[in-house]
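# Structural description and commentary
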Amino acid sequence: MKHLSLLIVILGIIFWSSCKTIKKDNNLENNPLVQKFNTQFEVPPFDKIKLAHYLPAIEFAIKEQEKEIDVIVNNQEEPTFANTVEALDMSGNLLNKVDLIFNNLLSANTNEEMQNLAKKIAPIISNHSDNILLNAKLFDRTNTVYNNRKNLNLNTEQSTLLEETYKSFVRGGANLNDSDKETLRQINEELSVLTLSFGDNVLAETNKFKLIIENDENLAGLPEDVIKAASETAKESDLDGKWVFTIQKSSMIPFLQYSEMRDLREKIFKAYINKADKNDEYDNKEIISKIIKLRYKKARLLGYKDHASYVLERNMAENPENVYALLNKIMEKALIVAKKEAKNLQEMINNEGGKFELKPWDWWYYSEKLRKEKYDLDEEALRPYFKLENVRDGIFKLAQILYGLQFVEIPGIPVYHEDVTAFEVLEEDGSHVGILYTDFFPRASKRGGAWMTVYRKEKKVDGERIPPIISIVCNFTKPTDEKPSLLSYEEVLTFFHEFGHALHGLLSQCEYYGLSGTSVQRDFVELPSQIMENFVPEPEVLKLFAKHYKTGEIIPQELVNKIINSAYFNKGFEIVEYISASFLDMDWHTLADTSSIDVNEFERQSMEKIGLIPEIIVRYRTTYFSHVFTWAYSAGYYSYVWAELLDSDAYESFKENGIFDKSTAQSFRTNILEKGGSDKPMNLYKSFKGAEPSIEPYLRKKGLL
Ligand SMILES: [Zn+2]
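Residues numbered from 1 in each chain as written. Predicted model: local features only at pLDDT ≥ 70, side-chain atom pairs only at ≥ 80, totals over all residues. Heavy atoms only, no water.

## A closer look at the overall build of the protein
Across its full length, the protein holds 27 helices and ten strands. Computed over C-alpha atoms, the radius of gyration of the protein comes to 25 Å, within 12% of the 27 Å expected from 2.2 N^0.38 for 705 residues, which places it in the range of a compact globule. With the C-alpha coordinates of the protein rotated into their principal frame, the extents come out at 85 × 60 × 50 Å. With 705 residues in all, the protein has 62% of them scored as buried. Intrachain contacts of the protein at a sequence separation of at least 6 include 77% that bridge at least 24 residues. Summing over all exposed atoms, the protein offers an accessible surface of approximately 28000 Å²; the carbon and sulfur share of this is 48%. (Helix = DSSP H or I, 4+ residues; strand = E, 2+ residues; numbered from the N terminus. Rg over C-alpha atoms; globule rule 2.2 N^0.38 Å. Buried < 20%, exposed > 50% of the residue type's maximum accessible area, 1.4 Å probe, protein only. Contact = heavy atoms within 4.5 Å. Areas by Shrake-Rupley, 256 points an atom, 1.4 Å probe, with all protein chains shown as cover.)

## With respect to the packing of aromatic side chains
Taken as a whole and judged by the stated rule, the model has 48 aromatic pairs. Taking the centre distance of 5.5 Å and the plane angle of 85° together, the rings of Y437 and Y455 count as edge-to-face. Of the two residues, Y437 sits in strand β6 (residues 432-439) while Y455 sits in strand β7 (residues 451-456), which places them 18 residues apart along the sequence. When its relative accessible area of 0% is taken as the criterion, Y437 is described as buried. Given a relative accessible area of 4%, Y455 falls into the buried group. One aromatic cluster is present, formed by F535, Y651, F654, F668, Y685 and F688 through successive ring pairs. (Phe/Tyr/Trp six-rings, centres within 6.5 Å; stacked < 30°, edge-to-face > 60°.)

## A few points about the nonpolar core
Core analysis: the largest hydrophobic core is formed by 170 residues, its most contacted members being F245, F386, L436, F496, F499, F535 and W588. Looking at this core, the element that brings in the most residues is helix α13 (residues 320-351), giving 13 residues. I58, A122, L196 and V473 belong to the second largest nonpolar core, which has 38 residues in total. (Core = buried A, V, L, I, M, F, W, Y, C linked by side-chain atoms within 4.5 Å.)

## Quick word on the coordination of the zinc ion
Of the protein atoms, only H497 (NE2), H501 (NE2) and E526 (OE) coordinate the zinc ion, at distances of 2.1 Å. Of note, the donors binding the zinc ion are all from one chain and are spaced H-x3-H-x24-E. Of this pair, H501 sits in helix α17 (residues 489-506) while E526 sits in helix α18 (residues 526-533), and the two are 25 residues apart along the sequence. Neither residue differs from the other here; H501 and E526 are each classed as buried. (Donors = N, O, S within 2.8 Å, 3.2 Å for Na, K, Ca; no water.)

## So, helix α9 (residues 249-258)
In an α-helix there are 3.6 residues to a turn, and that puts residues three or four apart on one side. By the criterion of burial, α9 is predominantly enclosed, with nine of the ten residues buried. Inspection of α9 places S250, S251, M252, I253, P254, F255, L256, Q257 and Y258 among the buried residues, and these make up the whole buried set.

## Some words on the confidence of the model for the protein
Should the pLDDT be low somewhere, the predicted coordinates at that spot are not to be read in detail. Mean pLDDT over the protein works out to 94, with 96% of the residues at or above the 70 mark. Counting contacts from residues 1-21, a segment whose pLDDT is below 50, to residues more than four positions away or on other chains yields 95 contacts. (pLDDT = per-residue confidence, 0-100.)

## What to know about the pattern of salt bridges
The tally for this structure, following the rule as stated, stands at 48 salt bridges. E232 serves as the salt-bridge partner of K228, at 3.6 Å between the closest nitrogen and oxygen. With K228 and E232 both in helix α8 (residues 224-236), this residue pair falls four residues apart, about one helical turn. Here K228 matches E232 in class, with each residue buried. (Salt bridge = Lys/Arg side-chain N within 4 Å of Asp/Glu carboxyl O.)

## Overview of the side chain of K571
Relative to the helices and strands, K571 resides in helix α21 (residues 571-589). Looking at K571, its side chain comes within polar contact range of the main-chain oxygen of A567, at 3.5 Å. When sequence neighbours within four positions are dropped, the list of residues in contact with K571 reads E341 and K702. (Polar contact = N/O pair within 3.5 Å; in protein donor to acceptor, adjacent residues only side chain to side chain.)

## Quick look at the packing of helix α2 (residues 81-90) against helix α6 (residues 156-171)
The interhelical angle for the contact between α2 and α6, taken along N-to-C directions, is 75°, at an axis separation of 10 Å. With respect to α6, the axis of α2 lies roughly perpendicular. Seen from α2, the contacting residues are F81, V85, E86, L88 and D89; seen from α6, they are Q158, L161, L162, T165 and F169. (Axes fitted to C-alpha atoms, helices over the stretch in contact; angles between N-to-C directions. Parallel < 35°, antiparallel > 145°, perpendicular 65-115°, else oblique.)

## Considering the side chain of R383
One can find R383 in the loop between α15 (379-382) and α16 (388-403). Side chain to side chain, R383 and T477 meet in a polar contact 3.0 Å long. Those residues within four positions of R383 in sequence are excluded, and the remaining contacts are P254, T477, L486, L487, S488 and E491.

## Structural notes on helix α22 (residues 599-609)
Looking at α22, one finds that the buried residues are V599, F602, E603, S606 and M607. The buried residues of α22 occupy one face: seen down the axis, they fall within an arc of 130°. Exposed and facing more than 90 degrees away from the buried side of α22 are E608 and K609. For α22, the secondary structure elements touched by its buried residues are α11 (285-301) and α21. Just past α22, the residue G611 takes up positive phi, approximately 75°. (Arc of directions from axis to C-beta.)

## Observations regarding unusual backbone geometry
Here F41, not a glycine, exhibits a phi torsion of approximately 60°, which is positive. Residue position: F41 is located in the loop between β1 (4-5) and α1 (51-73). The phi dihedral of A276 is positive, around 55°, even though this residue is not glycine. Among the structural elements, A276 can be located in the loop between α10 (262-273) and α11. Overall, A276 belongs to the buried group, its relative accessible area being 0%.

Here you go:
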């Protein structure tokens, strides 16, 4: 649930100027970014791209799109769907190509120079985007087509493109007067850089903290593999002979689950929750205040009550009231469960003779103990069955069973880092679907979390399908000298999740760039990803990949039963942790008085209002809530639970017809995965399911009924 899909915000990536000069190579003839990619499958020639190539390529690509826009605007013929709306969708090819590569690498393989360059490029892109959306002649033409839409005999996808294009102009300020347009430009430019700086600070803070253990007594309780991984992390930091834990989740969570050293658990946990909140150069509070103010100002300028209303207008949820209603309904039930869980953990502490109150840094430790006691299930005992390569092959196998897809590794294709592997994705009959990159392990140059992204979006040109290039980026448990990468159950779920997004991007069959793949409403985009998570605990699916990494033995049924029996375990905690972050996001973006903002006090009040218990800390505190301050999830973090209603309901069809049922899978593919944003999400959903979703399957799945 914590994962994100970096959607292509077609024209919306922004930053600010930097003091550092970055070299430019203005010779376009030698610039691989502006040439046709002379590589297998026309993938980006990562081995040839240098930092100096980006800025000239982007400047050139912007000029190219400006020429294309001029042609549209100066067309002497009456505006038509083809010569205006379609032509606009087809423009900007080169810019999209370069911008995607730059931004993808900025997240997955960055460095300080690149971050500085990003802050230079962002305002350029922001201004270019505004030049299009605030182009009065272009809007006039679009408006003419829009007003005449009933007479145009457009198909569903064309109607959707027209509607989306028209709305993007209106929401982009096309109806504002000149002075307001200027204000909007400034806001967009400033926001573009602030959101980047926010992310840079979070990454710097994540890389900065190290829990260094010098004395092996302080390793008490930790499983051997966890100790081994910490010793290798220490070596990477030139701390041979010691052990290092970081606040990357793949390092921190096992420590919190198993370390008997309560003071050290507290130390690492506090380092995590105080990220970018230390009143130093990496502090995000000032940036947050500015972002909140600017977002509010922008929403008001455009005639909306607040930023959340502005965002939600374009989502399935439609308005903040609907979101709050859903969050309240779930929170009420989940809090009761979480309080019971806290009570059980406290009892465990008391029974052990511990004379202290349960704190947030104790939760993982005691819940892990309780899981063992109640279900005889040790999370670590599962890992040997979840060797990364086996899980990957199992996922590929599942995609073959459901959709007939094949995945063939392509050795020797250019990649941006040695950890990246490329696969060709093929239909059952061998025809080409697209390319999939995988990039699994954490490193200092990579942002935290897991995401799917796109290097080339699917679309059709003269009826011919341009195949997509998709990437999955994760921060999974690394292999050690002695052992391969053995995933936790949570990481397996994450992998399935991101793979679901990848299928959405790969299987797209849309005409238009702006509507293809994962370019759907924010609270719909998690349906294809989350539905994949439902498959994981199914015994038939586990048999596909859960093989012991040494013996090849399939996971014993007894262990599978333990997973199934413990399905409701710790759910109160998980839901409350997540829902409280959704509330926090909504509270920030419905805030009307932004005159003086005290970030931590606001957060405290927001959490108090929903009755969050002190033993649980909100999943993301404001100062490192990258989903809403760097990525495009502002007033959208609720999307995961919204989509979970959909995926729980949708998965019932798989359960009813058999989880490997080909016709159910085919229907999901043709009605949802192939359709991108070419129709309204509810229409797509109903054409798969035959009815609107109900909340009961979700509540049942979570044990909240
Ligand atoms: Zn996702």
